[in-house]
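Structural description and commentary
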Amino acid sequence: MIEIKKTQRYNIKPLELVGDSFETAYTRYAEEQPVTPPDVSMPIFTSISMVLLFAIFLLTAFHPKHNTQQFVWVALAGVCLLIAGRSFYKYFLQRKQYTQAAGKPSTVKAKREGFFSFFQKSENELPETMTAGDMVKLVSPIIGKQNDQVYNNALREMSEDLARINNPSLTMCKLVTPCNQLFTQARRRLYFKDEGAYLVFFDTDWMNPIGEITCDEDDVVSFGEYSKYPSSINKSGGKIRPESIIVELKDDNNHIYLEFQKDSYNEIKKAISSKKEKK
C-alpha cells in the first residue's frame, strides 16, 4: 500500500542535540589541554637563577670599574627579571589550562548551563521536537561569535549535524505526476531511501517539507528508461531525457511516476526486482 503523509525526516530533539554537541566539544577541548599538572620546580629554580644573575649584574653595573658600561649591565639585570616573571606567568597559565581540562564538576556544569542558555531563554524555550531547519535559524547567527572556544566548537558541531540531516547524501528524483492533497505539483524534488521493507521518497525542501511517499516493493509496477514509457505519463510537459529512469508506483488509490537520473539505474535495480524492469 502506498502511503502519502507529512514527513518527520527533518525532525530533531533539540535538547539532545545541544547536550551531545556540548559534550563532544568539551571532550575534544579537554583532550587538547595538558593532562598532567605543570612542573612547579622549573619556574622556582629558573627564578632563583635569574635573581642571582640579577644581583650579580646589578653589583657589576655599580662597580667603579664599569661606570662606562653601566647601562648594559642594568639592561642585563632587567632581562633576568623578565625571564623570571615569564617563567612564573607561563606556569600559572598552564596551571589554569590544566584545571579547566581536569573537568571539575563545577566547571563542566557551569559551562554546560552557559551553553544551554543560548537556546533556553524565556522567549525561546526549546520544544521536545522541532525541525532541523528551525534549529539552523537559532544556531547560524551565533556561530563564531563566542569568546569561549568550547562554545564555538559546540555550535560548529551542531551546525554540521544539522547540515547532515537537512542535506543527506541520498539519491534524488523528481515527481512526474502530482498525487494526493500534499504533492499537488509535478517536478517536486524528492530524496530516495531504500529501507529494506519500504521504499521512501521524501521532500528535499528541508525548510518547508511537504511530505513523503512510502511504499513496499509490491507497489512498484515497473521501472526502466523513459523511452520505454508512453510520453503521456509526462502530463506536466517538463523535459525528461529518454535515458532517464522512471519508477512506476500503483495501488488502488494512487498511480505515481518518479524520474531518476540514468546513473541511478544500479541503485534502483538493487532495490527493485529485475522482473519489473521494462525491456
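These notes cover the structure that comes with them. (Residues numbered from 1 in each chain as written. Predicted model: local features only at pLDDT ≥ 70, side-chain atom pairs only at ≥ 80, totals over all residues. Heavy atoms only, no water.)

1. Remarks on the overall build of the chain
Across its full length, the chain carries seven helices and 10 strands. Projecting the C-alpha coordinates of the chain onto the three principal axes gives extents of approximately 110 × 40 × 30 Å. When contacts within the chain are restricted to residue pairs at least 6 apart in sequence, long-range pairs at least 24 apart make up 63% of them. Of the roughly 16,500 Å² of accessible surface on the chain, a fraction of 54% belongs to carbon and sulfur atoms. (Helix = DSSP H or I, 4+ residues; strand = E, 2+ residues; numbered from the N terminus. Contact = heavy atoms within 4.5 Å. Areas by Shrake-Rupley, 256 points an atom, 1.4 Å probe, with all protein chains shown as cover.)

2. Things to note about a negative patch on the surface
A cluster of like negative charges, contributed by Asp-194, Glu-217, Asp-218 and Glu-267, occupies part of the molecular surface. Examined against the element boundaries, Glu-267 turns out to sit in helix H7 (residues 265-271). Glu-267 sits in the partly exposed class, given a relative accessible area of 34%. (Patch = residues over 30% accessible without salt bridge, like charges linked within 9 Å, V, L, I, M, F, W, Y side chains within 5 Å. Salt bridge = Lys/Arg side-chain N within 4 Å of Asp/Glu carboxyl O. Lys, Arg positive; Asp, Glu negative; His and termini not counted. Charge placed at Lys NZ, Arg CZ, Asp CG, Glu CD. Buried < 20%, exposed > 50% of the residue type's maximum accessible area, 1.4 Å probe, protein only.)

3. Section: the side chain of Asp-203
Within the element layout of this structure, Asp-203 appears in strand S6 (residues 199-203). Since its relative accessible area comes to 0%, Asp-203 is described here as buried. Apart from the residues within four sequence positions on either side, Asp-203 is in contact with Tyr-10, Arg-188, Arg-189, Leu-190, Tyr-191, Asn-208, Pro-209, Ile-210 and Gly-211.

4. A short note on the state of the cysteines
This model, assessed by the stated rule, comprises zero disulfides. Lacking any disulfide linkage, Cys-173 is separated from the closest cysteine sulfur, that of Cys-215, by 11 Å. With a relative accessible area of 2%, Cys-173 lands in the buried category. (Disulfide = S-S within 2.5 Å.)

5. Focus: the sheet that holds strand S9 (residues 245-250)
Sheet architecture is open: eight strands sit in the order S1-S7-S6-S5-S4-S10-S9-S8, paired in antiparallel fashion. The outermost strands of the open sheet, each flanked by one partner alone, are strand S1 (3-5) and strand S8 (220-225). Across the sheet, the mean angle from the axis of one strand to that of its neighbour is 25°, orientation sign disregarded. Where strand S5 (residues 189-194) lies against S6, five bridges are found, and the strand directions are antiparallel. Opposite Phe-192, over in S6, you have Phe-201 as the bridge partner. (Pairing = 2+ DSSP bridges. Axes fitted to C-alpha atoms, helices over the stretch in contact; angles between N-to-C directions.)

6. Some details on the packing of aromatic side chains
Evaluation of the coordinates by the stated rule reveals 16 aromatic pairs. Residues Phe-192 and Phe-260 carry aromatic rings whose centres are separated by 5.6 Å and whose planes lie at 90° to one another, so their mutual orientation is edge-to-face. Of this pair, Phe-192 sits in strand S5 while Phe-260 sits in strand S10 (residues 255-260), and the two are 68 residues apart along the sequence. Overall, the relative accessible area of 0% leaves Phe-260 in the buried class. Here the basic side chain of Lys-111 rests over the ring of Tyr-151, its NZ or CZ set 5.6 Å away from the ring centre. The ring of Tyr-229 has Lys-278 lying over it, and the distance from NZ or CZ to the ring centre is 5.1 Å. (Phe/Tyr/Trp six-rings, centres within 6.5 Å; stacked < 30°, edge-to-face > 60°. Lys NZ or Arg CZ within 6 Å of the ring centre and 35° of its normal.)

7. Quick word on the nonpolar core
Counting 23 residues, the largest nonpolar core has Phe-201, Ile-213, Val-247, Leu-249, Ile-256, Leu-258 and Phe-260 as the members making the most contacts within it. Elements with a minimum of two residues in this core: strand S4 (171-175), S5, S6, strand S7 (212-215), S8, S9, S10 and H7. Sequence-distant contacts of Val-247, that is, excluding residues within four places in its chain, are made with Val-220, Ser-222, Phe-223, Ile-256, Tyr-257, Leu-258, Phe-260, Ile-268 and Ile-272. (Core = buried A, V, L, I, M, F, W, Y, C linked by side-chain atoms within 4.5 Å.)

8. What to know about the pattern of salt bridges
Taken as a whole and judged by the stated rule, the model has 13 salt bridges. Between Arg-9 and Glu-212 there is a salt bridge; the shortest N-O distance is 3.2 Å. Taken together, the positions of Arg-9 in the loop between S1 and strand S2 (11-12) and Glu-212 in strand S7 put the pair 203 residues apart, joining distant regions of the chain. The salt bridge partner of Lys-137 is Asp-134, with a shortest N-O separation of 3.7 Å. Residue Lys-137 and its partner Asp-134 are located together in helix H5 (residues 132-139), separated by three residues, close to a single helical turn.

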